[in-house]
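# Observations on the three-dimensional arrangement
Chain residues, written in single-letter form:
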Amino acid sequence: MLRSTLLSTVSRQTGRTVTRPCPRCARIRQASSSAKSNISGNHGSSRYVYATAGVLAVVGLYAGSKSSIHLESRVDVDKEQRTDVDGTVSGAKGSKNAGVISKIDPKEDLRAEGWEVEEPSNETKEYITMAEVGCHNLAHDAWVVVEGKVFDVTEFHKNHPGGSQIIVANAGRDPVHPPNTLENNLAPECFKGLVNPKEVEESLRAFEAEQQRVEKERNALPPVETMLGLDEIEETAQSFLAPRVSNYYSGYSLDGHSAEQNRSSFRKCRLVPRVMRDVTAVRPQTTIFGIPSALPIYISPSSNALLGHPDGELNIVRGAAKTGIVQGVSAAASFPLTEILEEKAKMDEESGNKMGMVYQVYLSRDREKNVEQLQQVVEGGCQALILTVDSNVGDHRQVTEKLKGTRGNAEPGIRMGPLGTEDQWHDSSQNWEDLSFIQQHAPGLPIYLKGVSHIEDVRLAKKHGLAGCILSNHGGRQLDGARTGFDSLRSIYAQDPQLVRDIDLYVDGGCRRGHEVLQALAFGAKGVGLGRPFLWAQAAYGEKGVIRTVRILEKEIATAMQLMGVTELSQIKPDMVECIQEIWK
Ligand SMILES: Cc1cc2nc3c(=O)[nH]c(=O)nc-3n(C[C@H](O)[C@H](O)[C@H](O)COP(=O)(O)O)c2cc1C
């Protein structure tokens, strides 16, 4: 049964979502009662414009210097892939997400305006409009435009080397991908047609204008040396990044209780320093995931650094290498692991030291993907593996969905359901038995389970021979209401201090100051991970921002150690941190 496509637009006045049937699709449906296509999507023009403005800054790297449109390379469209229905043309045969192609042919008008216009193909005389492309903007229905060509990347994005999210984030949109890379990896049937070149041109112009704005504002930022705290760097980044980028980085699930508590849980403790001790020289060095580290912190794996800066994760590699801290690389990084490893090799050669790099994986629904990935990780020289287990289904980020974040426009009731289950990287069947599979394919690599809260799960991790656990609620981005990593640590320590000694525990979420790192160490944590601060820092200042962030934390940690009366991290004890019950109420 054909349903009317609904358009959702966010009223700028009321901020409320207004939903109405799409007149265009309704017209097409009237005309094509026998259409095979199952059209779904929302492409309200005001939302589309808003979302487009958001994406422009996001894909700086991809934009490159592309300023002209080349439609010279034709892709043969199999006649049978398109079914003419009363003047409209539906998408690929058998595709549940088949598209709709306009019967309006603007080519003559365009030629009259002086455009050089090529024929889309012998079979297809019409162009796909950007509005139509915009209908296909979801993880399970994703089209993108590259150099005027429209591709269905619904299947491809799940295996995209740069991560699924970056593709989905740009689904239904402008040209965003380096030329030829998609074409070479896509089956011919994924080609949907061409977009009106004038529209592409306009969209590119807007894209470039936004790129220039971001670059200009980034260049006008106060010098990185004037940044004194991690929050200040975040504010600076937020001041010029497109709302969509800011929203993605700061995003949390549902009401953000866990994200908020991540910050506040550290502030509910009081430090109880010791005095009259010689603290002239302090040693904040330690080992993180078994790797020597300058500080008891590490960069927690976080996806899509490229959203904020064209060098993305490469900034983080350079910053981590130059400051001697360990980088956790996300399975959904925006650069392929091969490129990240190449950058690491360069840094290792320059410094003569081997930087610390650990790789994060999700258990994929397609285990073969994990096998390939793990082989790359082992051969590439990553020193440990982080297995993130708090994402067995996708997140539920209401705020992000509203802003057309990474998941497309959410149509309540229609779209919310499948989002969590479509992604290859979230396997809701994952369980303890799967650990042997990971262990088998990552021989010799210590494995740390990320996203643990319950003491019994720490015990099980130990029983299964894992090197440690990262107590975390994923920065409040998965289960809203989940206990904070720091609170889990305190609770586990209170129940079974020996367990904390027997297995390595790390904590992440909400830590922004050096003394907060020490609070976690007091209860036995081996180190603390920070996610967002490094994303913001590289977005605003590139590699220098990463370095500045580490330097700020280094100073804060060293000063806090001196003021606490300790010279070694091992001297920080639980009796030096008081978490008073009344404060928690
Ligand atoms: C934008 C963003 C992307 C993230 N991507 C991943 C990821 O790909 N894998 C993962 O295990 N954790 C991911 N995380 C969670 C972080 O590793 C970390 O648990 C969390 O950010 C810590 O909280 P903090 O940002 O307050 O420091 C992400 C976090 C953010 C903010």
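Keep in mind that this is a model prediction, so the values were computed, not measured.

A separate point is the overall build of the protein. Summing up its helical and strand segments, the protein has 23 helices and 21 strands in all. Per-residue burial over the protein gives 59% buried out of 585 residues.

Residue M276 is not a glycine yet carries a positive backbone phi of 55 degrees. One can find M276 in the loop between β10 (270-271) and β11 (286-288). Unusually for a residue other than glycine, N304 sits at a positive phi of about 55 degrees. Note that N304 resides in the loop between β13 (297-299) and α12 (312-323).

The environment of the ligand is formed by 23 residues, the closest being S300, P301, S330, T388 and G531. At 2.9 Å from a nitrogen atom of the ligand is found a side-chain nitrogen or oxygen belonging to K450. Within the backbone of G531, a nitrogen or oxygen atom sits 2.9 Å from an oxygen atom of the ligand. For the ligand, the protein covers 98% of the area, taking 600 Å² as the surface of the free molecule.

One pass over the structure, following the stated rule, counts eleven aromatic pairs. Aromatic pair Y249 and W536: ring centres 5.5 Å apart, planes at 80 degrees, arrangement edge-to-face. With a gap of 287 residues between them, Y249 in helix α10 (residues 243-250) and W536 in helix α22 (residues 532-564) connect regions that are remote in the sequence. Ring plane angle 40 degrees and centroid distance 4.5 Å describe the contact between F289 and Y506, whose orientation is recorded as tilted. Highlighted residues: F289 in the loop between β11 and β12 (291-293) and Y506 in strand β19 (residues 504-508), separated in sequence by 217 residues. Of the two residues examined, F289 and Y506, each falls in the buried class.

Below, the discussion takes up the side chain of S391. Secondary-structure assignment places S391 in the loop between β16 (384-388) and α15 (398-402). On the accessibility criterion, S391 (3% relative accessible area) is buried. Only 3.0 Å separates the side chain of S391 from the side chain of D390, close enough to count as a polar contact. When neighbours within four sequence positions are excluded, S391 is seen to be in contact with Y362, H426, H474 and Q478.

Let us look at the pattern of salt bridges. Under the defined criterion, the tally for this structure stands at 18 salt bridges. A salt bridge links D311 to R318; its shortest N-O distance comes to 3.1 Å. Here D311 falls in the partly exposed class, since its relative accessible area comes to 27%. D434 is the partner of R367 in a salt bridge, and the nearest nitrogen-oxygen pair spans 3.2 Å. You can see R367 sitting in helix α14 (residues 367-380) and its partner D434 sitting in the loop between α16 (416-422) and α17 (435-441), a full 67 residues away along the chain. According to the relative accessible area criterion, R367 is partly exposed, its value standing at 22%. Because the salt bridges share partners, they merge into one network encompassing D311, R318, E343 and K346.

Below, the discussion takes up the environment of N219. Locating N219 in the fold gives a position in helix α8 (residues 197-219). Classification of N219 by relative accessible area gives exposed; the value is 60%. Measuring from C-alpha to C-alpha, the distance between N219 and Y541 comes to 8.9 Å, with 322 residues separating the pair along the chain.

Along the polypeptide, L445 turns up in the loop between α17 and β17 (447-452). For the pair L445 and A384, spaced 61 residues apart in the sequence, the C-alpha separation amounts to 5.1 Å.

In this structure, L385, V458, L505 and L518 are the most contacted members of the largest nonpolar core, which totals 102 residues. Considering every element that reaches this core, the biggest residue donor is α22, with 16 residues. Excluding its chain neighbours within four sequence positions, the residues that come into contact with V458 are V452, C469, L471, I492, L499, I503 and L505.

Attention now moves to the packing of helix α21 (residues 514-522) against α22. Contact geometry for α21 and α22: axes closest at 7 Å, N-to-C directions at 60 degrees. One finds that α21 runs oblique with respect to α22. Judged by the sense of rotation from one axis to the other, the crossing of α21 with α22 is right-handed. Along its contact with α21, which presents G514, H515, V517 and L518, the element α22 presents L553, E556, I557, A560, M561 and M564. Classifying every residue of the contact of α21 with α22 gives seven nonpolar, two polar and one charged.

A few words now on the sheet that holds β19. The strands making up a sheet are joined through hydrogen bonds of the backbone, oriented either antiparallel or parallel. Reading around the barrel, the eight strands line up as β13-β14-β15-β16-β17-β18-β19-β20 and close back on themselves, with parallel pairing between neighbours. With strand direction ignored, the average angle separating the axes of adjacent strands in the sheet is 30 degrees. Pairing between strand β18 (residues 468-471) and β19: four bridges, direction parallel. By the bridge assignment, C469 is partnered in β19 with L505. Along the sheet, α22 makes contact with β13 and β20 (527-530), crossing β13 at roughly 175 degrees.

Calculation criteria
- Residue numbering note: each chain is counted from 1, following its sequence as written.
- In keeping with the model being predicted, local features are shown solely for residues with a pLDDT of at least 70 and side-chain atom pairs are shown and tallied solely at 80 or more, while totals for entire chains, interfaces and linings include all residues.
- Excluded from the side-chain calculations are hydrogens and water; all other atoms, namely the structure's heavy atoms, are used.
- Helix and strand assignments follow DSSP, with helices taken as H or I runs no shorter than four residues and strands as E runs no shorter than two, numbered in order from the N terminus.
- Between buried and exposed lies partly exposed: a residue is buried under 20% and exposed over 50% of the maximum accessible area for its type, with that area taken using a 1.4 Å probe on protein chains only.
- Near is defined per residue: the residue qualifies when any heavy atom it owns lies within 4 Å of the molecule or strand.
- For this analysis, a polar contact is any N or O atom pair within 3.5 Å, provided that within protein one partner can donate a hydrogen and the other can accept it, and provided that sequence-adjacent residues contribute only side-chain to side-chain pairs.
- Methods summary: accessible areas were calculated by the Shrake-Rupley approach with a probe of 1.4 Å, and residue burial reflects only the protein chains presented.
- Pairing of aromatic rings covers Phe, Tyr and Trp, the last through its six-membered ring, and needs centres within 6.5 Å; plane angles under 30 degrees mean stacked, over 60 mean edge-to-face, and all others mean tilted.
- Whether two residues are in contact is decided by their heavy atoms: any pair within 4.5 Å suffices.
- The term salt bridge refers to a side-chain nitrogen of Lys or Arg lying within 4 Å of a carboxyl oxygen of Asp or Glu.
- The set of buried Ala, Val, Leu, Ile, Met, Phe, Trp, Tyr and Cys residues whose side-chain atoms join them within 4.5 Å is what this entry labels a nonpolar core.
- Angular values range over 0 to 180 degrees, each being the angle between N-to-C directions of two axes fitted as lines to C-alpha atoms, with helices fitted over their stretch in contact.
- Note on angle classes: values under 35 degrees are labelled roughly parallel, values over 145 roughly antiparallel, values of 65 to 115 roughly perpendicular, and the remainder oblique.
- Crossings are classed by handedness, with left-handed meaning an anticlockwise turn of the near helix from the far one by less than a right angle and right-handed meaning a clockwise turn.
- Ten residues, namely Ala, Val, Leu, Ile, Met, Phe, Trp, Tyr, Cys and Pro, are considered nonpolar, four, namely Asp, Glu, Lys and Arg, are considered charged, and the remaining ones, Gly among them, are considered polar.
- DSSP-based pairing: two strands are paired if at least 2 bridges between them are found.

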